[in-house]
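Single-letter residue listing:
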Amino acid sequence: MVQVTIIRLIGYKEWTETLGPDREHIIQQVQARLHGELVSEFSRLNAWAHPLRYDYLLAITNGLGNAELIGVIRALSEYSPVPLSSGTYVDANPRAAEKGAFRLAMKAGPGESLFGGGGDDGYVAMAHIDLVDSTTRTGCTSSYQLYEHVWGVVDQVRLYLSPYGGITLYLGGDNIVSIIPPTIGEEELRPLANLVNARIGVGVARSGRVAMRLATEALDTLRSRNGHGVLMLRED
């Protein structure tokens, strides 16, 4: 089971339209500050977070309760130009959990946090995907062509993992992360590693931050072997 939290910036689009035509640099600065605080606040609580479109923010919040999430909303409100609301949902399928969380976030009023779903949030799995030798291609092509290549691979990963309920996000560089069901096995991910020529480290834990740490440890082990493939590590 994975617990997904969606934070909504209420009236974000309308706020941007009040800034006039010379606004994009202002919007990007606000987004960057909010991104930094989002990661800081949730990491402090042993969770893992990433922006979605910046008017919606996603977090993997296994183990957190409503009081802690309201505290995060209050902290982030200091950096947001508009009010915030959040929805949290628990489901075995990450995409179903995100959908439920989004619906609750849309229902919640300013400063409000709504919970849904059922059962113990349990374990979450994170797949940290590293493209083999993609950085070395920069010298032979260009930085933008490398950027195009990585986004093409992000889409391949998304399409492959979507039937499993995977939520795929680009981390920057040649790194991709997917939130996947903890029941998925290494044998199900090996065809993906071969398809996109990647190393895939998977972490399974009771919190998003620990799952990501284990996924990165697994990835580093694969790198030390100078190969590609899949390695999964589980929390004791």
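Source: prediction; values computed, not measured.

Q: Could you give an account of the pattern of salt bridges, naming the residues involved and the relevant values?
A: Counted according to the given criterion, the structure contains nine salt bridges. Each member of the salt-bridge network shares a partner with another, and the members are Asp130, Arg199, Asp220 and Arg223.

Q: Lay out the nonpolar core with the relevant residues and their values.
A: Residues Val157, Leu161, Ile176, Ile180, Leu189, Ile200 and Val202 are the most contacted members of the largest nonpolar core, which totals 24 residues. Looking at this core, the elements that each hand over two or more residues are β6 (124–131), α5 (143–161), β8 (175–180), α6 (186–196), β9 (198–205) and β10 (229–234).

Q: An account of α5 is requested, with residue identities and associated values reported.
A: Residues spaced three or four apart along an α-helix point in a common direction, a consequence of the helix completing one turn every 3.6 residues. Taking 1.5 Å per residue, 19 residues should reach 27 Å; α5 reaches 27 Å between its end C-alpha atoms and fits that length. By the burial criterion, the buried members of α5 are Leu146, Val150, Val153, Val154, Val157 and Leu161. Projected onto a plane normal to the axis of α5, the buried residues spread over an arc of 110 degrees and lie on a single side. Seen from the buried face of α5, the exposed residues on the opposite side, beyond 90 degrees, are Tyr144 and Leu159. On its buried side, α5 packs onto β6, β7 (167–172), β8 and α6.

Q: Describe a nonpolar patch on the surface, and please don't skip the residues or the numbers.
A: A surface patch of nonpolar side chains, about 360 Å² in accessible area, is lined by Tyr144, Tyr147 and Trp151. Residue position: tryptophan 151 is located in helix α5.

Q: Pulling in residues and values, what's your account of the environment of aspartate 91?
A: With respect to the element layout, aspartate 91 can be found in strand β4 (residues 84–91). In this structure, the C-alpha to C-alpha distance between aspartate 91 and aspartate 121, residues 30 residues apart in sequence, is 7.6 Å. With residues near it in sequence (within four places) discarded, aspartate 91 still touches Met1, Val2, Ala96 and Ala97. There is a polar contact of 2.8 Å between the side chain of aspartate 91 and the backbone nitrogen of asparagine 93.

Q: Which residues make up unusual backbone geometry, and what values go with them?
A: For arginine 53, which is not glycine, the phi dihedral falls at a positive 65 degrees. Locating arginine 53 in the fold gives a position in the loop between β2 (48–52) and β3 (56–60). Phi angles above zero are rare outside glycine, and asparagine 197 is one such case at about 55 degrees. Relative to the elements of secondary structure, asparagine 197 occurs in the loop between α6 and β9. Overall, the relative accessible area of 31% leaves asparagine 197 in the partly exposed class.

Q: Hey, could you go over the sheet that holds β3 for me, with residue numbers and the actual values?
A: Here five strands make up an open sheet; going across it, the order is β2-β3-β1-β4-β5 and the pairing mixed. Edge positions in the open sheet fall to β2 and β5 (113–117), since each of these has one partner strand only. Here the average twist between neighbouring strands, direction ignored, is 20 degrees. By the bridge criterion, eight bridges tie strand β1 (residues 2–9) to β4 in an arrangement that is antiparallel. Its bridge partner being in β4, isoleucine 6 is matched across the sheet by glycine 87. Relative to the sheet, helix α2 (residues 24–44) contacts β1, β2 and β3, its axis offset from that of β2 by approximately 155 degrees.

Here is what the cut-offs are and how they apply
- Residues numbered from 1 in each chain as written.
- Predicted model: local features only at pLDDT ≥ 70, side-chain atom pairs only at ≥ 80, totals over all residues.
- Heavy atoms only, no water.
- Salt bridge = Lys/Arg side-chain N within 4 Å of Asp/Glu carboxyl O.
- Core = buried A, V, L, I, M, F, W, Y, C linked by side-chain atoms within 4.5 Å.
- Buried < 20%, exposed > 50% of the residue type's maximum accessible area, 1.4 Å probe, protein only.
- Helix = DSSP H or I, 4+ residues; strand = E, 2+ residues; numbered from the N terminus.
- Expected span 1.5 Å × (residues − 1).
- Arc of directions from axis to C-beta.
- Contact = heavy atoms within 4.5 Å.
- Patch = residues over 30% accessible without salt bridge, like charges linked within 9 Å, V, L, I, M, F, W, Y side chains within 5 Å.
- Areas by Shrake-Rupley, 256 points an atom, 1.4 Å probe, with all protein chains shown as cover.
- Polar contact = N/O pair within 3.5 Å; in protein donor to acceptor, adjacent residues only side chain to side chain.
- Pairing = 2+ DSSP bridges.
- Axes fitted to C-alpha atoms, helices over the stretch in contact; angles between N-to-C directions.

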